[in-house]
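Geometric and topological summary
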Amino acid sequence: GVPIRPVHLNVTLPIAEKVKKPKKEIVAYSKIEQAKLLKVLNASSEDSAYAVLLILETGMRVGEVLALSWEDIIWDRRAVRIHST
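The following paragraphs examine the structure supplied in this document. None of the values given here were measured: they were computed from a predicted structure.

1. Section: the overall build of the chain
- Tallying secondary structure elements over the chain gives three helices and two strands in all.
- Ordering the α and β elements of the chain from the N terminus gives α-α-α-β-β.
- Taken over C-alpha atoms, the radius of gyration comes to 23 Å for the chain, far larger than the 12 Å a tight globule of 85 residues would show.
- C-alpha extents for the chain along the principal axes are approximately 70 × 35 × 25 Å.

2. A word on unusual backbone geometry
- The backbone of R78 shows a phi angle near 55°, a positive value even though the residue is not glycine.
- Structurally, the position occupied by R78 is in the loop between β1 (73-74) and β2 (79-80).

3. Here's the deal with helix α1 (residues 31-43)
- Taking 1.5 Å as the rise per residue, α1 with 13 residues should run 18 Å; its terminal C-alpha atoms sit 19 Å apart, in good agreement.
- Counting buried residues along α1, only one of its 13 residues qualify, which leaves the element largely exposed.

4. A closer look at the side chain of D72
- Mapped onto the secondary structure, D72 falls in the loop between α3 (62-66) and β1.
- One polar contact links the side chain of D72 to the main-chain amide nitrogen of S69, over a distance of 2.8 Å.
- Among all residues touching D72, those that are not within four sequence positions of it are A67, A79, V80, R81 and H83.

5. Quick notes on the environment of L13
- Its location among the elements puts L13 in the segment before α1.
- Taking the C-alpha atoms as reference, L13 lies 29 Å from I26; in sequence the two are 13 residues apart.

6. A look at the packing of aromatic side chains
- For the structure on display, the rule yields one aromatic pair.
- An angle of 20° between the planes, with centres 6.3 Å apart, marks the rings of W70 and W75 as stacked.
- Taking relative accessible area as the criterion, W75 reaches 61% and is therefore assigned exposed.

7. What to know about the environment of E71
- As for its position among the elements, E71 is in the loop between α3 and β1.
- For the pair E71 and R81, spaced 10 residues apart in sequence, the C-alpha to C-alpha distance is 8.5 Å.
- Separated by 3.0 Å, the side chains of E71 and S69 make a polar contact.

8. Describing helix α2 (residues 47-58)
- Counted at 1.5 Å a residue, the expected span for α2 with its 12 residues is 16 Å, and the 17 Å between its end C-alpha atoms agrees.
- Two residues or fewer past α2, G59 is found with a positive phi of approximately 85°.

What counts, and where the lines are drawn
Per chain, residues are indexed from 1 in the order of the written sequence. Per-residue local features of the predicted model are confined to residues with pLDDT of at least 70, and side-chain atom pairs are confined, for both listing and counting, to 80 or more; whole-chain, interface and lining totals are unaffected and use all residues. Side-chain calculation: all heavy atoms of the structure are included, whereas hydrogens and water are not. We count a stretch as a helix when DSSP gives it H or I for four or more residues in a row; a strand needs E for two or more, and each element gets its number in order from the N terminus. Only the C-alpha atoms count toward the radius of gyration. The rule for a globule is 2.2 Å times the residue count to the power 0.38. Here, expected helix span is obtained from the residue count minus one, scaled by 1.5 Å. Only protein chains enter the accessibility calculation, which uses a 1.4 Å probe; a residue is then buried when its area is under 20% of its type maximum, exposed when over 50%, and partly exposed in between. In protein, a polar contact requires one atom able to donate a hydrogen and another able to accept it; more generally it is a pair of N or O atoms within 3.5 Å, and residues adjacent in sequence count only if both atoms are side-chain atoms. Any two residues having at least one pair of non-hydrogen atoms within 4.5 Å are treated as being in contact. For this analysis, a ring pair means two rings from Phe, Tyr or Trp (six-membered ring only for Trp) whose centres lie within 6.5 Å, classed as stacked if their planes differ by under 30 degrees, edge-to-face if by over 60, and tilted for the remaining angles.

If you want it as structure tokens, here you go:
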């Protein structure tokens, strides 16, 4: 029951040009949209508004913000340590 030679030698990979990868459109907020969003977020008292502000101002990903704990904030340096997503 043991293969005589490695099984992967019989596998052929597809040609890179023939592999169809969907193009992902990246949409960013305009400066005007960002200003309007900042105005709404600054007027909000919701905790989630602070997370959105952090994402907008730093470019952090949602998973990175959700993984933060108080120990990740370096207050004297005004920095955030990102170590997990």
